[in-house]
Amino acid sequence: MSGSKQALADWTTGAEAILYQSCAACGSLQYFRRSFCAVCGAPDPVEKRASGAGTVYATSLVCRAATPETRAHIPYNIVLVDTIEGFRMMAHGDNDLSIGDKVTARFAPFAGRLVPYFEKVRS
Amino acid sequence: MRGEIDGVLCGYSTVAPHIMLATVFAEHFGIRPAYAHAVQVGGATGLAMTMLAHHLVEAGVAKHVLVVGGENRLTGQSRDASILALAQVGHADYEVPLGPTIPAYYGLVASRYMHEYGVTQEDLAEFAVLMRSHALTHPGAQFHEAITVADVMASKPVALPLKLLDCCPVSDGGAAFVVSRERTGEVGVRVRGCAQAHTHQHVTAAPALSELGAEIAIARAKKAAGVAISDVRYAAVYDSFTITLAILLEDLGLAGRGEAAAWVRSGYFSRDGEMPLNTHGGLLSYGHCGVGGAMAHLVETHLQMTGRAGNRQVRDASIALLHGDGGVLSSHVSMFLERMR
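Conventions used here
Residues numbered from 1 in each chain as written. Chains lettered and ligands numbered in written order. Predicted model: local features only at pLDDT ≥ 70, side-chain atom pairs only at ≥ 80, totals over all residues. Helix = DSSP H or I, 4+ residues; strand = E, 2+ residues; numbered from the N terminus. Rg over C-alpha atoms; globule rule 2.2 N^0.38 Å. Buried ≥ 20, exposed ≤ 12 C-beta atoms within 10 Å, placed from the backbone. Contact = placed C-beta atoms within 7 Å. Pairing = 2+ DSSP bridges. Axes fitted to C-alpha atoms, helices over the stretch in contact; angles between N-to-C directions. Domains from an automatic or database assignment. Nonpolar A, V, L, I, M, F, W, Y, C, P; charged D, E, K, R; others polar. Expected span 1.5 Å × (residues − 1). Parallel < 35°, antiparallel > 145°, perpendicular 65-115°, else oblique.

1. A few points about the overall build of chain B
For chain B, the helix and strand inventory stands at 11 helices and 10 strands. For chain B, whose C-alpha radius of gyration is 19 Å, the value lies close to the compact-globule estimate of 20 Å for 341 residues. With the C-alpha coordinates aligned to their principal axes, the bounding extent of chain B is approximately 50 × 45 × 35 Å. Taken across its 341 residues, chain B has 57% of its residues classed as buried. Long-range pairs, those at least 24 residues apart, make up 75% of the contacts in chain B between residues at least 6 apart in sequence.

2. What about the sheet that holds strand E7 (residues 188-198) of chain B?
Residues and elements named next belong to chain B. One open sheet accounts for four strands, arranged E7-E10-E9-E8; its pairing is mixed. Two strands in the sheet have a free side with no partner beyond their single neighbour: E7 and strand E8 (234-237). On average, adjacent strands in this sheet sit at an angle of 15 degrees to one another, irrespective of strand direction. For E7 and strand E10 (residues 331-340), the ladder comprises 10 bridges, and the chain directions are antiparallel. When the bridges of E10 are listed, glutamine 196 appears paired with valine 333. Where helix H2 (residues 45-58) meets the sheet, it contacts E7, strand E9 (319-326) and E10, and its direction lies at approximately 55 degrees from that of E10.

3. Side note on the domain arrangement of chain A
Residues and elements named next belong to chain A. Under the domain assignment used here, chain A contains domain 1 (1-49) and domain 2 (53-120). Between the C-alpha centres of domain 1 and domain 2 there is a distance of 22 Å. For the side of domain 1 that touches domain 2, the class distribution of residues is five nonpolar, two polar and one charged.

4. Let's talk about the domain arrangement of chain B
All names here are of chain B. Its domain assignment divides chain B into domain 1 (2-75 + 175-180) and domain 2 (97-169 + 188-340). One C-alpha centre belongs to domain 1, the other to domain 2; they are set 23 Å apart. In this complex, domain 1 contributes 21 residues to the contact, which on the side of domain 2 involves 24 residues. Of all the secondary-structure elements, those providing two or more residues to the side of domain 1 that touches domain 2 are H2, strand E3 (64-72) and strand E6 (172-180). Looking at which element gives the most residues to the side of domain 1 that touches domain 2, the answer is H2, with seven residues. Tallied by class, residues from the side of domain 1 that touches domain 2 come to eight nonpolar, 11 polar and two charged.

5. Some details on helix H4 (residues 102-117) of chain B
Residues and elements named next belong to chain B. Here H4 contains 16 residues, and its C-alpha end-to-end distance of 22 Å stays within 8% of the 22 Å for a straight helix at 1.5 Å per residue. Of all 16 residues that make up H4, 13 are buried, and the element is covered over most of its length. Following H4 by one or two positions, glycine 118 has its phi on the positive side, about 70 degrees.

6. Some thoughts on the sheet that holds strand E1 (residues 19-22) of chain A
Strand pairing in a sheet takes place through backbone hydrogen bonds and is either antiparallel or parallel in direction. All names here are of chain A. Read across the sheet, three strands follow the order E2-E1-E3 without closing on themselves; strand pairing throughout is antiparallel. Of all the strands in the sheet, just strand E2 (29-30) and strand E3 (46-49) have a single pairing partner and so form its edges. With four bridges connecting them, E1 and E3 associate as antiparallel partners. Paired with glutamine 21 across the strands is glutamate 47, a residue of E3.

7. A look at the interface of chain B and chain A
In this complex, chain B contributes 26 residues to the contact, which on the side of chain A involves 29 residues. Among the elements that take part in the side of chain B that touches chain A, H4(B) stands out by supplying seven residues, more than any other. Split by residue class, the side of chain B that touches chain A holds 15 nonpolar, seven polar and four charged. With two bridges joining them, strand E4 (residues 53-62) of chain A and strand E4 (residues 157-160) of chain B adopt antiparallel strand pairing. From the neighbouring strand, A:Val62 faces E4(B), where its bridge partner is B:Ala159.

8. Side note on the packing of H2(B) against helix H11 (residues 291-305) of chain B
All names here are of chain B. Where H2 contacts H11, the axes come no closer than 7 Å and their chain directions differ by 60 degrees. Judged by the angle between their axes, H2 and H11 are oblique. Here Thr45, Gly46 and Thr50 of H2 come into contact with H11, specifically with Val291, Ala294, Met295 and Leu298.

9. Observations concerning the environment of A:Ala24
All names here are of chain A. Here alanine 24 shows up in the loop between E1 and E2. Classification of alanine 24 by C-beta neighbours within 10 Å gives exposed; the count is 11. Between the alpha carbons of alanine 24 and aspartate 44 there is a distance of 8.4 Å; along the sequence they are 20 residues apart. Look past the residues within four positions of alanine 24 in its chain and what remains in contact with it is Ala42 and Val46.

Spelled out as structure tokens, the structure:
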């Protein structure tokens, strides 16, 4: 990535963190890191750390994987989570999560890496 | 005649990728076209090539454009390799490390669609049963054993809510056709109007279900063609998964929102129904060999429109609507075809 001004590391590079970017010019949020805002084009969006809190938007329990590394984990639940910060992300989650569940993130090993893993908030 | 082909549009290949596939094809078949290149828009490639061929002949760039796609996806590589290659449509940093598969991307969309519109797994199963019933009458289809909703429900889980029979197979195959400036046969088929829409690549970045590209593409295509959905007599809609067909039929306006499965049950989309759909069996049961798989929808449509569909012939295919989807409902092409005499 061309993020030369990136000061923080996140789970995509092995750190226990979820990052997103906020555009100082137009206020748009983006999850996929870029050196510019995809909405208005302004350079150098501000890197922020997400709290890990969110709501389940969609789920799919993977029962058939394509590599030996991922097959060792089946079944595993792929989820889309709408974070309270306002961006959507893909992650893993408990197998019994339902759409609308309030969740919070931890990090779990998967196929030799660390990935965000969402658990239901017990109320 | 082969020597009259002056344009070649070629689909991509996952089994044998090449940076100049159309040129490789042309050399192999002894063609020296004036215009040639490959096109890649995932599952929307076949209709995107057809749209381009239409515009090329309209603009006078070429007279006869050969549109071709084919792959030995089943025998040319392992199923795992095929699944892995296709999963790369996911984001390399933010999605692929999570181990999703194409069925998982669509499984996510399915879970949300079912949640918002009250669609059930049994509803989705209806589309698999319909496509299989159509495949039974096509000698070239991959599957010739009838299935029931119970069979679909009992099939192995792949990426829930999608099960094995909710998913298209990996297939060998190919398809080709020629788009010409002038009509070449007594009965001709003309592109009445077509349009595209591209809203995102990755499912993480997809818009809300109510803002997906199929609705945008069909609105543009209706305007370009000057026809309404009520004019359509035959439908050919991309069906990589049962959920794909459910969403696209409803987004295109071929069925009411959340009602497509009920319409399938009533026979509306059957060969003898009001809106015959994918009478060859679609990707789900005719088979999915990649670009050629979705092109088979157009080949079948052409056979229907020109009265050459044999025991699958529908009463009236005078105006057809075709729709292709690439990625995870990412890229869309809508196209209206009209029979000319």
